[in-house]
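Residues per chain, in single letters:
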Amino acid sequence: MRSIWRGSISFGLVNIPVRLYSASHSRELSFKLLHKKDLSEIRYARICKAEGKEIPWEEIVKGYEYQPGDYVILADEDFEKANLKKTKSIEILDFTKENEIDPMYYDTPYYLEPEKGAAKAYNLLRESLIKSKKVAIGKFVFKNHEHLGVIMPHDDILVLNQLRYESELVKPTDLHIPKAEDLSKKEIDMALKLIDQLTKPFKPEDYYDTYTKEIKEIIEKKAKGIKTKTKKGEAPKPSKVHDIMSLLKDSLQKHKKKSRIA
């Protein structure tokens, strides 16, 4: 693993030097864009609008348009000059209970590893969070933006979860969401029975990407010149209102049979 950021966790007057590592990665299946005519690869080019030619990375700078046609150029050191402390630290602002954070705010997880000599302070923060049953809310600057984050223990390691700001969430004001009406007690009781039957402890290893596996099978067949056809299922159709009870009953029976076979 390669660290993507180095700095400190500011815990009151205590500074804990840490390294930041990605705790997730993208899916393994990736595709290239090709020209349909000859299957030549399509590449993205950095074209200068004025000169109409491609520009190498070393000649590209970051500019902010503060008024139409006028730009201020910013270099990496300019971002640090704005606030050196912020660019080098995760400043803990508050502590709260984890269940008070709406899952909608969670964005990206990162691992935090203590630098050499910071193990004791790192352990102190981790154990304090465990015993207090709290998580730490803080701010940090990463990739030229200030982010909100929550630090929490995960087994023996501290994890930083980047959070979305309130302003980044889109309000569902234009969506037509039905009210909880026109539901009978029998329908709700039947749905609760189905939920009870399908309830079990969450084990992440039980869930994996089967669709990617099926796509790979199609790729292998097409590479060998074998024709492919629709493999499984059909597009789901909306359930009719008067069929809901019978569908719930059938679902219960189907799960009971499945459980007996298992």
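Structural data are supplied above this passage.
Each chain carries its own residue numbering, running from 1 in the written order of its sequence. Reporting of local features is limited, given that this is a predicted model, to residues whose pLDDT is at least 70; pairs of side-chain atoms are given and counted only at 80 or more, and all residues count toward the totals for whole chains, interfaces and linings. To get the side-chain values, take all heavy atoms of the structure and skip hydrogens and water.

Peer 1: I'm lost on the side chain of histidine 147 in this one. Help?
Peer 2: The secondary structure listing takes helices from DSSP runs of H or I that are at least 4 residues long and strands from runs of E that are at least 2 residues long, numbered from the N terminus. Relative to the elements of secondary structure, histidine 147 occurs in strand E8 (residues 145-154). At 3.1 Å, the side chain of histidine 147 forms a polar contact with the backbone oxygen of phenylalanine 142. Under this definition, polar contacts are N or O atom pairs within 3.5 Å; protein pairs additionally need one hydrogen-donor-capable and one acceptor-capable atom, and for neighbouring residues in sequence, both atoms have to be side-chain atoms.

Peer 1: Explain the sheet that holds E8 to me, please; I cannot follow it from the model alone.
Peer 2: Adjacent strands of a sheet form backbone hydrogen bonds with each other and so pair up, either parallel or antiparallel. What makes two strands pair is DSSP finding at least two bridges between them. With mixed pairing, the seven strands of this closed barrel are ordered in space as E1-E2-E6-E9-E8-E7-E5. Going from strand to strand, the sheet's axes swing by 40° on average, the running direction of each strand aside. Two elements, strand E6 (residues 106-114) and strand E9 (residues 157-163), share six bridges in a ladder whose sense is antiparallel. Across the sheet, tyrosine 110 pairs through a bridge with leucine 160, a residue of E9. The sheet contacts of helix H3 (residues 119-132) involve strand E1 (5-11), strand E2 (14-22), strand E5 (89-96), E6, strand E7 (135-142), E8 and E9, and relative to E9 the element is tilted by about 70°. Each axis is a line fitted through C-alpha atoms, and for a helix only the stretch in contact is used; angles between axes span 0 to 180 degrees, taken between their N-to-C directions. By definition, residues are in contact when any of their heavy atoms lie within 4.5 Å.

Peer 1: Honestly, unusual backbone geometry in this entry has me stumped. Any pointers?
Peer 2: What is expected of a backbone is that most residues other than glycine have negative phi and most peptide bonds are trans. Backbone geometry at leucine 39 places phi at a positive 60°, although glycine is not the residue there. Tracing the backbone shows leucine 39 in the loop between E2 and strand E3 (62-67). One non-glycine residue with positive phi stands out, namely aspartate 155, at about 60°.

Peer 1: Can you help me understand the pairing of E8 in this one?
Peer 2: When a strand is regular, its side chains alternate between the sheet's two faces. Bridge analysis of E7 against E8 gives seven bridges, and the strand direction is antiparallel. When the bridges of E8 are listed, phenylalanine 142 appears paired with histidine 145. Connecting the antiparallel pair E7 and E8 is a turn made up of two residues, with lysine 143 showing a positive phi of about 55°.

Peer 1: I'm lost on the nonpolar core in this one. Help?
Peer 2: For soluble globular proteins, the rule of thumb is that nonpolar side chains tend to be buried together. If you look at the biggest cluster of nonpolar residues, it comprises 19 residues, and the most contacted ones within it are Ile9, Ile90, Leu112, Ile151 and Leu160. Elements with a minimum of two residues in this core: E1, E2, E5, E6, H3, E7 and E9. In this structure leucine 160 touches Leu20, Ile90, Thr108, Pro109, Tyr110, Leu112, Phe140, Gly149, Val150 and Ile151, once residues within four positions along its chain are discounted. In terms of nonpolar packing, the next biggest core, distinct from the first, is built from seven residues, Ile101, Val135, Leu148 and Leu163 among them. As used here, the term nonpolar core means buried Ala, Val, Leu, Ile, Met, Phe, Trp, Tyr and Cys residues forming a set that is joined through side-chain atoms within 4.5 Å. Working definition: with a 1.4 Å probe on protein chains only, accessible area under 20% of the residue-type maximum means buried, over 50% means exposed, and in between means partly exposed.

Peer 1: Looking at this structure, I do not really get the pairing of E2. What am I missing?
Peer 2: Alignment of E1 against E2, held across seven bridges, turns out to be antiparallel. Across the sheet, arginine 6 pairs through a bridge with arginine 19, a residue of E2. Hairpin connection from E1 to E2: two residues lie between these consecutive antiparallel strands, with glycine 12 at a positive phi of about 65°. Two elements, E2 and E6, share five bridges in a ladder whose sense is antiparallel. Across the sheet, the residue bridging to tyrosine 21 is tyrosine 111, located in E6.

Peer 1: I tried to follow a nonpolar patch on the surface on my own but got confused; where do I start?
Peer 2: Patch membership requires over 30% relative accessible area and the absence of a salt bridge. Like charges are linked within 9 Å, and nonpolar side chains (Val, Leu, Ile, Met, Phe, Trp, Tyr) within 5 Å. To be clear on the numbers: accessible area is Shrake-Rupley with a 1.4 Å probe, and residue cover counts the displayed protein chains and nothing else. When a carboxyl oxygen of Asp or Glu lies within 4 Å of a side-chain nitrogen of Lys or Arg, that pair is called a salt bridge. On the surface, a cluster of nonpolar side chains totalling about 410 Å² of accessible area is made up of Tyr64, Tyr66, Val72 and Leu74. Taken together, the elements giving at least two residues each to the nonpolar patch come down to E3 and strand E4 (70-74). Take leucine 74: it is sitting in strand E4. Leucine 74 gets classed as partly exposed once you look at its relative accessible area, which sits at 33%.

Peer 1: Looking at this structure, how should I read H3?
Peer 2: Along an α-helix, a turn takes 3.6 residues, which lines up residues three or four apart on a common side. The end-to-end C-alpha distance of H3 is 20 Å, a good match for the 20 Å that 14 residues give at a rise of 1.5 Å each. Those residues of H3 lying buried are Tyr122, Leu125, Arg126 and Leu129. All buried residues of H3 fall inside an arc of 95° around its axis, so they share one side. Turned more than 90 degrees away from the buried face of H3, the exposed residues are Lys120 and Lys131. Backbone geometry just after H3 places lysine 133 at a positive phi near 55°. To estimate the expected span of a helix, subtract one from its residue number and multiply by 1.5 Å. As used here, the arc belongs to the directions running from the helix axis to the C-beta atoms.

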